[in-house]
Amino acid sequence: MLLENKVALITGSGRGIGRAIAQLFAKEGASVFLTARTEAELAATVKEITAAGGKAAFVTADLTRAGDAEKLVTAVRGKFGRVDILVNNAGHYGPVVPVEDYPLEEFDKVIAVHLRAAFLLSKLVLPEMYARKSGVILHISSISAKNAYGWGSAYAAAKAGILGLTRVMAAEASRQGVRVNAICPGPVTETVMSKELGNTLAKKLGVSPEEQLKGFLSSLLQGRGQTALEIAQAALFLCSDLSSAVVGQSLNVDGGAVFF
Ligand SMILES: NC(=O)c1ccc[n+]([C@@H]2O[C@H](COP(=O)([O-])OP(=O)(O)OC[C@H]3O[C@@H](n4cnc5c(N)ncnc54)[C@H](OP(=O)(O)O)[C@@H]3O)[C@@H](O)[C@H]2O)c1
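This section reports on the structure supplied with the text. As a convention, each chain's residues are numbered from 1 in the sequence order in which they are written. A pLDDT threshold of at least 70 governs which residues receive local features in this predicted model, and a stricter bar of 80 or more applies before side-chain atom pairs are shown or counted, although totals over entire chains, interfaces and linings include all residues. Side-chain figures throughout are based on the complete set of non-hydrogen atoms in the structure, without hydrogens or water.

Description of the pattern of salt bridges
Think of it this way: side chains of opposite charge can pair up when their charged atoms draw near.
Move 1: Salt bridge, as used here: a side-chain nitrogen of Lys or Arg that lies within 4 Å of a carboxyl oxygen of Asp or Glu. On inspection of all chains with the given rule, the structure shows nine salt bridges.
Move 2: One salt bridge in this structure joins E128 and R77, with 2.6 Å as the shortest N-O distance. Separated by 51 residues along the polypeptide, E128 in helix α4 (residues 104–132) and R77 in helix α3 (residues 66–80) bring together distant segments of the chain.
Move 3: Throughout, exposure labels follow a simple rule: accessible area from a 1.4 Å probe, protein chains only, divided by the maximum for the residue type, with under 20% read as buried, over 50% as exposed, and the rest as partly exposed. Assessed through its relative accessible area of 14%, E128 is described here as buried.
Move 4: The class of R77 is partly exposed, set by a relative accessible area of 33%.
Move 5: One salt bridge in this structure joins E128 and R132, with 2.9 Å as the shortest N-O distance. Of this pair, E128 and R132 both sit in helix α4, four residues apart, which is roughly one turn of that helix. In this text, helices come from DSSP runs of H or I with a minimum length of four residues, and strands from runs of E with a minimum of two, each type numbered from the N-terminal end.

Now the structure itself:
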């Protein structure tokens, strides 16, 4: 097993990509700590993981609130003693509107959940990782950080900010035994966020959700979306010793959408 005796904190893990990461990491021997706002989804996922023989626990947290992030890290330490792996995955897309129509408070919320929470949780766990001279932090960014899609300014800015944060953290942490990397997923069409975005875009473009999706997927080299499991497998690589010399990188898991 690739993550035996490791403790992994995975945010946004009640559903979607975070849930797939939690399930795979638990299968690989990690004790996984889950968090999001929706208790029922977290409880169901923890139940599935423990029923399969894994070790898992959760607390609810709204990661737009700094106090919740602090309580979360205290809760993981209380349950499993430490944090070896942090996966910053939680987030929502936000309004699908052009910049001139984007409400400022919504902009702040999107930045807060993706970028500010990733910064804050990293800040909270890095000292213990440095003390042990070991640890891994993985940020979930997006191809929106690298491509030019209209109507998602805060999301793209947050995801691009995450890549800057990844590089700075790698510069600071690599000689202290801590690796920091990012994943840029393409369209993971099975998740709530992806479905909601597809439906909204279809409505705005005056096409059916099926047509909108087909058009987008046809722009990818593989001509299909990615699965949450495919993102989780890349996360497993980046959070295990298989990637022991990979630092400060953003790995595109996108079926061939962006090439830098
Ligand atoms: N799906 C895609 O195509 C795609 C592509 C590129 C990148 N990504 C990124 O992948 C990550 C996961 O997205 P997903 O597609 O799996 O979406 P999802 O199924 O909607 O999952 C998002 C998770 O984040 C949690 N979350 C949202 N706001 C939160 C908050 N304020 N505090 C705490 N938790 C919060 C959600 O739970 P609650 O609502 O219960 O809080 C949920 O568990 C996101 O960072 C997203 O930007 C997704």
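What follows picks up the thread again.
Focus on the sheet that holds strand β3 (residues 55–60)
Hydrogen bonds along the backbone pair up the strands of a sheet, which may run parallel or antiparallel.
Move 1: Strand order in the open sheet made by the seven strands is β3-β2-β1-β4-β5-β6-β7, with parallel pairing throughout. A strand with exactly one partner marks an edge of an open sheet, and here the two such strands are β3 and β7 (250–253). Direction aside, the axes of adjacent strands within the sheet are offset by 20° on average.
Move 2: Whether two residues are in contact is decided by their heavy atoms: any pair within 4.5 Å suffices. Every angle, taken between N-to-C directions, lies between 0 and 180 degrees, and every axis is a line fitted to C-alpha atoms, over only the stretch in contact when it is a helix. Along the sheet, helix α1 (residues 16–27) contacts β1 (7–11), β2 (31–36), β4 (85–88) and β5 (135–140); its crossing angle with β1, the most-contacted strand, is approximately 170°. Being paired, for any two strands, means DSSP has found at least two bridges between them.

Notes on the packing of α4 against helix α5 (residues 153–173)
Move 1: In contact at an axis separation of 8 Å, α4 and α5 are set at 15° when each is read in the N-to-C sense. Taken together, the axes of α4 and α5 lie roughly parallel to each other. The element α4 and its partner α5 pack so that their crossing is right-handed. In contact with F107, V110, I111, H114, L115, A118, F119, S122, L126 and Y130 of α4, α5 contributes S153, A154, Y155, A157, A158, K159, G161, I162, L165, M169, E172 and A173.
Move 2: Gly is put with the polar residues, along with every residue not named as nonpolar or charged; the nonpolar set is Ala, Val, Leu, Ile, Met, Phe, Trp, Tyr, Cys and Pro, and the charged set is Asp, Glu, Lys and Arg. Among the residues making up the contact of α4 with α5, the classes are represented as 16 nonpolar, four polar and two charged. The scheme is simple: roughly parallel for angles under 35 degrees, roughly antiparallel for over 145, roughly perpendicular for 65 to 115, oblique for anything else. Left-handed describes a crossing whose near helix is turned anticlockwise from the far helix by less than a right angle; the clockwise case is right-handed.

Things to note about the packing of aromatic side chains
Move 1: In this analysis, rings of Phe, Tyr and Trp, with Trp reduced to its six-membered ring, are considered paired at centre separations within 6.5 Å, and the interplanar angle assigns stacked below 30 degrees, edge-to-face beyond 60, and tilted for intermediate values. Summed over all chains, the structure comprises four aromatic pairs.
Move 2: Ring plane angle 35° and centroid distance 4.5 Å describe the contact between Y93 and Y155, whose orientation is recorded as tilted. One end of the pair, Y93, is in the loop between β4 and α4; the other, Y155, is in helix α5, with 62 residues separating them in the sequence.
Move 3: Judged by relative accessible area, which is 10%, Y93 ranks as buried.
Move 4: With 6.0 Å between their ring centres and 80° between their planes, Y102 and F107 make a pair best called edge-to-face.
Move 5: Assessed through its relative accessible area of 10%, Y102 is described here as buried.
Move 6: Of note, K146 hangs over the ring of F260, and the distance from its end group to the ring centre comes to 5.5 Å. Comment: the charge-over-ring label is applied if NZ (Lys) or CZ (Arg) is within 6 Å of the ring centre and within 35 degrees of the ring normal.

Observations regarding the site of the ligand
Move 1: Near the ligand you find 31 residues, and of these R37, T38, N89, Y155 and T191 are the closest.
Move 2: Whenever a nitrogen or oxygen atom comes within 3.5 Å of another N or O atom, the pair is scored as a polar contact, on the condition that within protein one atom can donate a hydrogen and the other can accept it, and that pairs from neighbouring residues in sequence are kept only if both atoms are in side chains. One of the backbone N or O atoms of G12 is found 3.2 Å from an oxygen atom in the ligand.
Move 3: Contact distances for the ligand include 2.6 Å between an oxygen atom and a side-chain N or O atom of Y155.
Move 4: The Shrake-Rupley method, run with a 1.4 Å probe, gives the accessible areas here. Residue values count only the displayed protein chains as cover. For the ligand, whose free accessible area comes to 870 Å², the fraction covered by protein is 96%.
Move 5: Contributions of two or more residues to the shell around the ligand are made by α1, α4, α5 and α6 (192–205).
Move 6: The leading source of residues in the shell around the ligand is α6, at three residues.
Move 7: Tallied by class, residues from the shell around the ligand come to 13 nonpolar, 14 polar and four charged.
Move 8: Boundaries of every domain are those given by an automatic assignment or by a domain database. Shared between two domains, the shell around the ligand takes at least three residues from each, and those domains are domain 1 (7–186 + 227–245) and domain 2 (190–225). Each residue is tested against the molecule or strand, and it is near if at least one of its non-hydrogen atoms lies within 4 Å.

Let's talk about the environment of L201
Move 1: Structurally, L201 is set in helix α6.
Move 2: Considering only alpha carbons, one finds L201 and I17, 184 residues apart in sequence, at a separation of 21 Å.
Move 3: Beyond its immediate chain neighbours, meaning those up to four positions away, L201 contacts V96, W151 and Q212.

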